[in-house]
Amino acid sequence: MTTRSPSGNDANTIVKEIDIAAPAKVVWKSLTDNHELINWLPFEADVKPGKGGSVKLSWGDPIVEESSIEVWDPDRHLRLKEARPFGVQFEPALAKFTPPRVVDYELKANGNNTTLRLTHSGFAGTPAVPAALQAQQTSLDVAGFAEELSPLGFRNTVAACWDYQLNALGDYCEAHVGQSRVVSWVRQPIQMSFADAWSRISGPGPTGLLHVTSSPAVDPSHKTMFAGGLSPGDRYTFHAATGDTFTGRVLTYTPNKQFGGTVDNLNGILRILLSFTLGRPDVTVWLARYSGPQQKALTAADHQWNQLFSQRWAFQLAKAMV
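In what follows, the accompanying structure is described. (Residues numbered from 1 in each chain as written. Predicted model: local features only at pLDDT ≥ 70, side-chain atom pairs only at ≥ 80, totals over all residues. Heavy atoms only, no water.)

### Description of the overall build of the chain
1) Next: The secondary structure content of the chain amounts to seven helices and 14 strands.
2) Next: Counting over 322 residues, the chain shows a buried share of 52%.
3) Next: A fraction of 55% describes how many contacts in the chain between residues 6 or more apart in sequence connect residues 24 or more apart.
4) Next: As displayed, the chain has an accessible area near 13800 Å², and 53% of this comes from carbon and sulfur atoms. (Helix = DSSP H or I, 4+ residues; strand = E, 2+ residues; numbered from the N terminus. Buried < 20%, exposed > 50% of the residue type's maximum accessible area, 1.4 Å probe, protein only. Contact = heavy atoms within 4.5 Å. Areas by Shrake-Rupley, 256 points an atom, 1.4 Å probe, with all protein chains shown as cover.)

Okay, here's the thing in structure tokens:
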């Protein structure tokens, strides 16, 4: 289960494919059912099914996406025309000037497996960010983030997000259907380059937030974020300054930008992302945990653990990013 970037990618269009070991009807339901959507993508979902219907996804205002449904072909094809675009959190000051983009999900069934092809088009119409607006968005040296704030930089940020989200969808369909999800997440503003911030997250030794300790021992076959890079499918183990340990399989990895991986020891999925969100540079740590196969819902203890996780990471990120 790894995303591919087949032909058709350019400055206007993102194309991704992923093979998922689940029937097409499971993948379709995960894309279109309110309850299934909130178990892998947003915090809230409101789908009015059928052609002419709508999809609204929310991670808490103002991070809300809204689309109209142009094609509704169950288990085969879903096309959404954005009214409030995917990635609006990365371009808040420009959203009202941006032409609508289109997202196509095409499903090809192969027995109990599905190939999902995503095409997200319309990025050529993204306006450039005026220099004066860039200066308002961040107190940092604008030149250092010119590429990130450009239309192509925005398109590439959305492409990185799709790498993670499609892998999260695949992980959910293959391993967590029927399980409930609870999410811990922390967002910390930064006053440094993404490269500097990434080094503070992944630097070797105790200075990095994710480092190797002598106990518990790390499986020699596992990799760390600073050990020559990571590739999708690699096994990894991180020991964090917060006291947390994460071990699992890499889903996506882009240095100075993003890490995503399963967390087998916590029955969940971890994401670390550096981005411009709501007009400012920041780092986000996101941990989703699922109830066990025999457990219909997460317990009060699960929710308390997640609250404490957020508190630990909020403290450590604020400390590391000074």
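### A look at the packing of aromatic side chains
1) Next: Inspection of the entire model under this criterion finds eleven aromatic pairs.
2) Next: A centroid spacing of 6.3 Å and a plane angle of 50° characterise the contact between W198 and Y253, whose relative ring orientation is tilted. Of this pair, W198 sits in helix α6 (residues 194-202) while Y253 sits in strand β11 (residues 245-254), placing them 55 residues apart in sequence. Judged on exposure class, the residue W198 and its partner Y253 are both buried.
3) Next: Ring geometry for Y236 against F238: centres 4.6 Å apart, planes inclined by 45°, an arrangement best described as tilted.
4) Next: Residue Y236 is classed as buried on the basis of its relative accessible area, which comes to 0%. (Phe/Tyr/Trp six-rings, centres within 6.5 Å; stacked < 30°, edge-to-face > 60°.)

### A word on the nonpolar core
1) Next: Residues L31, W40, Y105, L107, L116, W162 and L169 are the most contacted members of the largest nonpolar core, which totals 40 residues.
2) Next: For this core, the elements supplying multiple residues, two or more each, are β1 (13-20), α1 (24-32), β3 (54-58), β5 (77-84), β6 (102-110), β7 (113-121), α5 (151-175) and β14 (280-290).
3) Next: With ten residues, the single largest contributor to this core is α5.
4) Next: The contact partners of L107, leaving out residues within four places of it in the chain, are A24, V27, W28, L31, D75, R76, T114, T115 and L116.
5) Next: Formed by 32 residues, the second largest nonpolar core is a distinct cluster that contains I201, L230, L270 and I272. (Core = buried A, V, L, I, M, F, W, Y, C linked by side-chain atoms within 4.5 Å.)

### A look at the sheet that holds β1
1) Next: If you walk across this open sheet you meet the seven strands as β1-β7-β6-β5-β4-β3-β2, and the pairing is antiparallel. Of all the strands in the sheet, just β1 and β2 (44-48) have a single pairing partner and so form its edges. Between one strand and the next, the sheet's axes are offset by a mean angle of 20°, whatever the strand orientation.
2) Next: Relative to β1, α5 is tilted by about 15°, and along the sheet it contacts β1, β6 and β7. (Pairing = 2+ DSSP bridges. Axes fitted to C-alpha atoms, helices over the stretch in contact; angles between N-to-C directions.)

### Quick word on the pattern of salt bridges
1) Next: Inspection of the entire model under this criterion finds eleven salt bridges.
2) Next: One salt bridge in this structure joins R117 and E17, with 2.7 Å as the shortest N-O distance. Here E17 lies in strand β1 and R117 lies in strand β7, a separation of 100 residues in the sequence.
3) Next: The partly exposed category is assigned to R117, whose relative accessible area is 27%.
4) Next: The partner of R312 in a salt bridge is D244, and the shortest N-O contact between them spans 2.5 Å. With R312 in helix α7 (residues 300-320) and D244 in the loop between β10 (235-240) and β11, this residue pair connects regions lying 68 residues apart in the sequence.
5) Next: By relative accessible area, R312 is classed as partly exposed at 25%.
6) Next: Using a relative accessible area of 7% as the deciding quantity, one classes D244 as buried.
7) Next: Through salt bridges with shared partners, one network takes in R4, E17, D19 and R117. (Salt bridge = Lys/Arg side-chain N within 4 Å of Asp/Glu carboxyl O.)

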